[in-house]
Amino acid sequence: MNSSSETKRAAIVTGASSGIGLAVSERLACLGYEVFGFGREFGEEPLWDRDGLHPVVCDLLDTQKLCGYIRSVKAQHPVHVLVNNAGVGYYGLHEELNPKKIQQMVRTNLEVPMILAQQLLRELKKHAGYLIQIASVTAYQSNPHGCAYGATKAGLASFSASLFDEARRYGVKVVTISPDMTKSRLYRSADFCEAEEEDCYLLPQETADAVAYVLSQREGMVVTNLTLKPQRHRIRRIKKQP
């Protein structure tokens, strides 16, 4: 991390190596932000070779290292936007999960956003910035075969609503964007995925569009909640290999 562009507004995006996080990172760079994308690995994605995009290889569950990276970014760049996008989902009957999977979902989907909000809130207050939480439609409905995942997203939505009321007087915009079924890697461990018809799923770029819409509002008006859904609700079952 260098200081050659420290006067540019910075944005931090978690889960940035693929899917929604990758699309949001690209959109923020196009909007003129210096983007720091956090992910476990970035492979050979050519997007990260362009100016204004900085991949940060980090296990978000390593709290000490994560906070160290955040301090480094804050020391060199004015952070105006935090997008908590990283998420983990395991599906099936609740008794078929194991403690490790439950802990991973709770920590990734809820604990990490809370920690990053705490680490960056003073910075966001200073710049009247944006905290954008990528939640899920599961936050607002019953989720059989996804009870724990839905609970973590409901917790994230509740946290966000309370934090907005706590921080709004300081100019901080806390926004929850809740996409429905999206064509991404989230369902790679599930026995289902999006249906093949184009009106049965969202694209990662459409959530990036929603982020850009949120950021385009005049100072003094906040879009606190956005729900994104495909026209039709349909999934495709996948037969798992024995």
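The written sequence of each chain sets the order in which its residues are numbered from 1. With the structure being a predicted model, the display of local features is reserved for residues of pLDDT at least 70 and the display and counting of side-chain atom pairs for 80 or more, all residues being used for whole-chain, interface and lining totals. Note: side-chain values were computed over all heavy atoms of the structure, leaving out hydrogens and water.

### With respect to the sheet that holds strand β4 (residues 79–84)
One open sheet holds the seven strands; their spatial order is β3-β2-β1-β4-β5-β6-β8, and the pairing between them is parallel. Among the strands making up the open sheet, the edge pair consists of β3 (53–57) and β8 (225–228). Within this sheet the neighbouring strands show an average axis-to-axis angle of 15 degrees, counted without direction. Strand direction decides the pairing type here: strand β2 (residues 34–39) and β3, joined by five bridges, are parallel. Paired strands, as defined in this entry, are two strands with at least two bridges between them according to DSSP. Under the DSSP-based scheme used, a helix requires at least four consecutive residues in state H or I and a strand at least two consecutive residues in state E, with every element numbered from the N terminus. Note on geometry: axes are lines fitted to C-alpha atoms, helical ones only across the stretch in contact, with angles between N-to-C directions running from 0 to 180 degrees.

### Looking at the pattern of salt bridges
Throughout this description, the term salt bridge denotes a Lys or Arg side-chain nitrogen within 4 Å of a carboxyl oxygen of Asp or Glu. Within the structure shown, the criterion is met by eight salt bridges. Salt-bridge contacts for Glu219 lead to Lys173; the nearest nitrogen and oxygen are separated by 2.9 Å. Here the residue Glu219 occupies a position in the loop between α5 (204–215) and β8, and Lys173 occupies one in strand β6 (residues 173–179), the gap between them amounting to 46 residues. A relative accessible area of 54% places Glu219 in the exposed class. Owing to a relative accessible area of 4%, Lys173 belongs among the buried residues under this scheme. Across the salt bridge formed by Arg232 and Asp199, the nearest N and O atoms sit 3.0 Å from each other. Of this pair, Arg232 sits in the loop between β8 and β9 (235–237) while Asp199 sits in the loop between β7 (192–194) and α5, placing them 33 residues apart in sequence. Here the term buried applies to any residue with accessible area under 20% of the maximum for its type, exposed to any over 50%, and partly exposed to those in between, with areas from a 1.4 Å probe on protein chains only.

### Section: the pairing of β4
Among the six residues that make up β4, six are buried, leaving the element largely enclosed by the rest of the structure. Pairing between strand β1 (residues 10–14) and β4: four bridges, direction parallel. From the neighbouring strand, Ala10 faces β4, where its bridge partner is Val79. In this structure, β4 lies alongside strand β5 (residues 130–134), joined through four bridges in parallel fashion. Each bridged residue has a counterpart across the sheet, and for Val83 the counterpart in β5 is Ile132. Traced from β4 through helix α3 (residues 99–126) to β5, the parallel crossover comes out right-handed. Here, the term right-handed applies to a crossover whose path from the first strand over the helix to the second runs clockwise when the strands point away from the viewer.

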